[in-house]
Amino acid sequence: MAKVVNAEVYFVASPFVDDDGIADYLRSIGAEWQSNAASGDDFFMEVAGRVCYKSFGTELNKNLTRVRDDNAEYLGNIIKSGHGRILEHINCSFIIHNVSRVFTHEFITHKVGTTQSQESLRFVRLDELRVYVPDVMKKYNMDEYFLRKMQELEEWQREMSLMFKLDEKSFEEKKIITSAMRRLAPMGLCTTVMWTANLRAIRHILEQRTNRHAEEEIRKVMDQVGSIMQERFQVVFEDFSRNDIGEWKAKYAKV
């Protein structure tokens, strides 16, 4: 039976900071500097910003008369001033599970500052169709019809596996046949994608894809992403607010 699922978003990675490498750089420019950053990511963004202005202390750049010592204050000023390039140094990776290929076909249009790796139906056999049921199907009591049709498509996949005697084939033959069989798989089939994006890109995509006019499934996924990012990157996403329909809006949109 076709299985009804909902999207799940897992935060799986952000940069590893090599403290020794940064310490070596600071020694090379004669800087005695420490940060009170709450996380390695916040620390790394602060370093990136200070590299631009050589602001590891007023003694290194004679144009400076003062520097902000507090990490949160420093990053907050970066957001307010729109110095978004600093945010591009921090990449975050997510595994987005149980999203349809309708979702992934739209989501891959975001190219700048992102990359995706998606489950391949050239290699993965479709024994079970996992599907997301859009709200409009439920609204008009079409969800049972929707699932019945998905069940038919699932049965076709199983029938073809038997007709091709897939289990008796070599891996190379399985790959060719599975690739052909996927042409009868619906766009509504759920899949898994790993998505990596830098913080600047995430800020932009979060606002764009939670807008009330965005596609329903994308809105729900990015709403999860917004909650994760505001918890993990409190300073960088502090200016975001969420309304009662799940739209995320930034106070400083042009970062």
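Preceding block: the structure.
Residues numbered from 1 in each chain as written. Predicted model: local features only at pLDDT ≥ 70, side-chain atom pairs only at ≥ 80, totals over all residues. Heavy atoms only, no water.

Looking at the overall build of the protein chain
Then, in step 1: A count of helical and extended segments in the protein chain gives nine helices and eight strands.
Then, in step 2: Taken over the C-alpha atoms alone, the protein chain extends approximately 75 × 45 × 25 Å along its principal axes.
Then, in step 3: Out of the 255 residues in the protein chain, the part that is buried amounts to 44%.
Then, in step 4: Counting contacts in the protein chain only where the partners sit at least 6 residues apart, residues at least 24 apart contribute 76% of the total.
Then, in step 5: Here the protein chain has roughly 14,400 Å² of accessible surface; of this, 50% comes from carbon and sulfur atoms.
Then, in step 6: In the protein chain, 36 side chains carry a positive charge and 39 a negative one; their mean positions are 5 Å apart. (Helix = DSSP H or I, 4+ residues; strand = E, 2+ residues; numbered from the N terminus. Buried < 20%, exposed > 50% of the residue type's maximum accessible area, 1.4 Å probe, protein only. Contact = heavy atoms within 4.5 Å. Areas by Shrake-Rupley, 256 points an atom, 1.4 Å probe, with all protein chains shown as cover. Lys, Arg positive; Asp, Glu negative; His and termini not counted. Charge placed at Lys NZ, Arg CZ, Asp CG, Glu CD.)

Some points on the packing of helix α1 (residues 19-28) against helix α2 (residues 40-53)
Then, in step 1: Put simply, α1 and α2 touch, their axes get as near as 12 Å, and they point 25 degrees apart. It follows that α1 is roughly parallel to α2 by the angle criterion. α1 and α2 meet at a crossing whose hand is left-handed. Contact with α1, carried on its side by D19, I22 and Y25, involves F43, F44, V47 and V51 of α2 and no other residues of that element. (Axes fitted to C-alpha atoms, helices over the stretch in contact; angles between N-to-C directions. Parallel < 35°, antiparallel > 145°, perpendicular 65-115°, else oblique. Left-handed = near helix turned anticlockwise from the far one by under 90°.)

Some details on the packing of aromatic side chains
Then, in step 1: Under the criterion given, the structure shown has 10 aromatic pairs.
Then, in step 2: Measuring from centroid to centroid gives 5.5 Å for F11 and F94, while their planes differ by 90 degrees, and the two rings are edge-to-face. Of this pair, F11 sits in strand β2 (residues 8-13) while F94 sits in strand β3 (residues 91-100); the two residues are 83 residues apart in sequence, bridging distant segments of the chain.
Then, in step 3: Take F94: its relative accessible area is 0%, and that puts it in the buried class.
Then, in step 4: Consider the rings of F123 and F171, whose centres lie 6.2 Å apart with planes at 20 degrees: the pair is stacked. Linking F123 in the loop between β4 (114-118) and β5 (130-131) with F171 in helix α7 (residues 171-181), this pair joins segments that are 48 residues apart in sequence.
Then, in step 5: On the basis of relative accessible area, F123 is assigned to the partly exposed category, the value being 45%.
Then, in step 6: The rings of F11, F94, F103, F107, W195 and F233 are connected pair by pair, giving a single aromatic cluster. (Phe/Tyr/Trp six-rings, centres within 6.5 Å; stacked < 30°, edge-to-face > 60°.)

Some words on the packing of helix α8 (residues 199-209) against helix α9 (residues 216-232)
Then, in step 1: Packing of α8 against α9 brings their axes to within 9 Å, and their N-to-C directions diverge by 135 degrees. The angle between α8 and α9 places the two elements in the oblique class. Crossing of α8 over α9 shows left-handed handedness. On α9, the residues that touch L199, I202, I205, L206 and R209 of α8 are I218, R219, M222, V225, G226 and M229.
Then, in step 2: Tallied by class, residues from the contact of α8 with α9 come to eight nonpolar, one polar and two charged. (Nonpolar A, V, L, I, M, F, W, Y, C, P; charged D, E, K, R; others polar.)

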